[in-house]
Amino acid sequence: MKQSQSLATKLAFLSASFMVTSAYAIQSALPQIKSALNVSQPQVEYLVTAPSFAVMFFVVLSPLLQDWFNISDKHIIMAGITIVGIAGLIPSFVSNYMVILISRLFLGAGYGLYNSQAISLISVWYQGHERTSMQGWRSAFEQIGNACTLTISSLLLIYAGWHAAFLVYGLAFAVMAFFAWRVPNDAHSNTTTSDNQQATETISPITNEPVTKISPLVIAILAFVLLIKMDFIGMEDRFPGLAVAINGKTFTGTGTYLSLMLIGATLGGACYGILQKHLGYVGTIYIGLILLAIANFLFGFGGNSFPIIAAGILLVGFPMQVLTPLIFNILPFMAPMRLQTKVTSFVLIGFNFGAFFSPTADAWFNHLLSQPLSGLGLAAPFRIYGVMMLIIAGLLFMGKHLYELKRMDNTVEKKQPATVTYIPSNRFK
């Protein structure tokens, strides 16, 4: 465990998440790509969304491949980052739409191959508050990577054209080399896990016993991540159209606001460890849900006031990146350590499917509220999302209260002395 304590090694663990969100790095180049390849708007947008589609499949395949070929977490992460680098660079040298689309699918395969391992590996090597902080910083590194790759790609686009924008994926090789150099080797075998299970197994903070099976609460966590991801992606997708509807077609400042939102998201990930330390898991969830509800209400009820709408988009990243590391940090309490990668993969599928399903869900909410899919009607679904966040907070409060009452009753019953029945002596006369 001492190998994992140095700052350089911690940065190496975190660096694996730096490229995870780099699929969005080419967004600024989409107009030039559309014009150069002579494709439609949906076709060019598929170049951004196709990686998420592939991630869902390879998140499931990744642990299976590890079991079949007995590959360690470290080496599967290195393989995934290498695929990201190779597949990401291919569009720099070709001008065929189908080849670029296929390369983007392989890019998503690379993400899916190592995303869950990058998360679960932290749970294996770090414990307690240190693990909490590392999960928060891991979430922050995703946003830092998103902002850095987007900025570098935009600069390459300006100075060298749309082909050069894809050169940003060359950073993956630097990340892979740093990760391979500093991260300790780990074994991926059932024998090692069984022999050391008692030493490495997580103790549940509720039962104070080792976690030996997958908790049913994993299903509730999956539903929750679906909801918050649909909310977050939907707000990102609809902000540009709403901004244009309010400010006019000549408005071009949406990119600036989305970049500032990423800074807020980075701060959320960085602050998660402090919040969890002082407020606990439940208190941190309350903070995340309430701030997310406020962001949704600002966005959903802002009307034609752009400052209020902008406040909503600027705020939403912070609670999202407080809740995301919290979810991954409580997974060790939901399943035994040997199943962490599988459970993490399951939750990651929820995140990716939430992003994929977001447009459909938002369209349903518009229909439910009888609001148009244009103009100010684009903000309508987020009123529902805001109410949902408050309902979840209320249900959590009630569930926690009922659990504490039940636990208190059980404690009283255990401490209560056995009753002695008094039998009058005259009964035997």
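Refer to the structure printed above.
Rules of the game
Residues numbered from 1 in each chain as written. Predicted model: local features only at pLDDT ≥ 70, side-chain atom pairs only at ≥ 80, totals over all residues. Heavy atoms only, no water. Salt bridge = Lys/Arg side-chain N within 4 Å of Asp/Glu carboxyl O. Helix = DSSP H or I, 4+ residues; strand = E, 2+ residues; numbered from the N terminus. Buried < 20%, exposed > 50% of the residue type's maximum accessible area, 1.4 Å probe, protein only. Core = buried A, V, L, I, M, F, W, Y, C linked by side-chain atoms within 4.5 Å. Contact = heavy atoms within 4.5 Å. Axes fitted to C-alpha atoms, helices over the stretch in contact; angles between N-to-C directions. Parallel < 35°, antiparallel > 145°, perpendicular 65-115°, else oblique. Left-handed = near helix turned anticlockwise from the far one by under 90°. Nonpolar A, V, L, I, M, F, W, Y, C, P; charged D, E, K, R; others polar. Phe/Tyr/Trp six-rings, centres within 6.5 Å; stacked < 30°, edge-to-face > 60°. Lys NZ or Arg CZ within 6 Å of the ring centre and 35° of its normal.

Peer 1: It is not clear to me how the pattern of salt bridges should be interpreted in this structure. Could you clarify?
Peer 2: Close approach of charged atoms allows side chains with opposite charge to pair. Here the structure, examined in full by the defined rule, presents 2 salt bridges. Between Glu130 and Lys10 there is a salt bridge, and its shortest N-O distance comes to 2.8 Å. One end of the pair, Glu130, is in helix H6 (residues 128-160); the other, Lys10, is in helix H1 (residues 7-15), with 120 residues separating them in the sequence. Owing to a relative accessible area of 25%, Glu130 belongs among the partly exposed residues under this scheme. The closest approach of N and O atoms between Arg138 and Glu142, which form a salt bridge, is 2.6 Å. Highlighted residues: Arg138 and Glu142, both in helix H6, separated by 4 residues, approximately one helical turn. You can call Arg138 buried: its relative accessible area is 0%.

Peer 1: Looking at this structure, I do not really get the nonpolar core. What am I missing?
Peer 2: Note on soluble globular proteins: their nonpolar side chains tend to be buried together. Counting residues in each nonpolar core, the largest one holds 106 residues, and the members touching the most others are Ile33, Tyr114, Tyr169, Ile228 and Phe299. With 14 residues, the top contributor of residues to this core is helix H11 (residues 217-247). Residue contacts for Tyr169: discarding those within four places in its chain leaves Met19, Ser22, Ala23, Ala25, Ile26, Val84, Gly85, Gly88, Leu89, Arg104, Leu107 and Tyr111.

Peer 1: Which parts of the structure should I look at to understand the packing of helix H5 (residues 97-125) against H6?
Peer 2: The relative placement of two packed helices is expressed as an angle between their axes plus a distance between the axes. Interaxial distance between H5 and H6 falls to 9 Å at its minimum, and their mutual angle equals 155°. Judged on the interaxial angle alone, H6 and H5 are roughly antiparallel. Crossing handedness for the pair H5 and H6: right-handed. Every residue of H6 that contacts H5 at Asn115, Ala118, Ile119, Ile122 and Ser123 is listed here: Arg131, Met134, Gln135, Arg138 and Glu142. When grouped by side-chain class, the residues that make up the contact of H5 with H6 number 4 nonpolar, 3 polar and 3 charged.

Peer 1: Mind showing me how you'd approach the packing of aromatic side chains here?
Peer 2: Across all of its chains, the model carries 15 aromatic pairs by this definition. Considering the side-chain rings of Phe53 and Phe57, the 5.3 Å spacing of their centres and the 70° angle between planes classify their relative orientation as edge-to-face. Of this pair, Phe53 and Phe57 both sit in helix H3 (residues 41-69), separated by 4 residues, roughly a single helical turn. Among the residues examined, Phe53 registers a relative accessible area of 39% and is labelled partly exposed. Taking 5.4 Å as the distance between ring centres and 80° as the angle between the ring planes, the aromatic pair formed by Phe357 and Trp364 counts as edge-to-face. Taking relative accessible area as the criterion, Phe357 reaches 22% and is therefore assigned partly exposed. Put simply, the rings of Phe299, Phe365, Phe382 and Tyr385 touch in pairs and so form one group of aromatic residues. Sitting over the face of the ring of Trp181, Arg182 holds its NZ or CZ atom 5.3 Å from the ring centroid.

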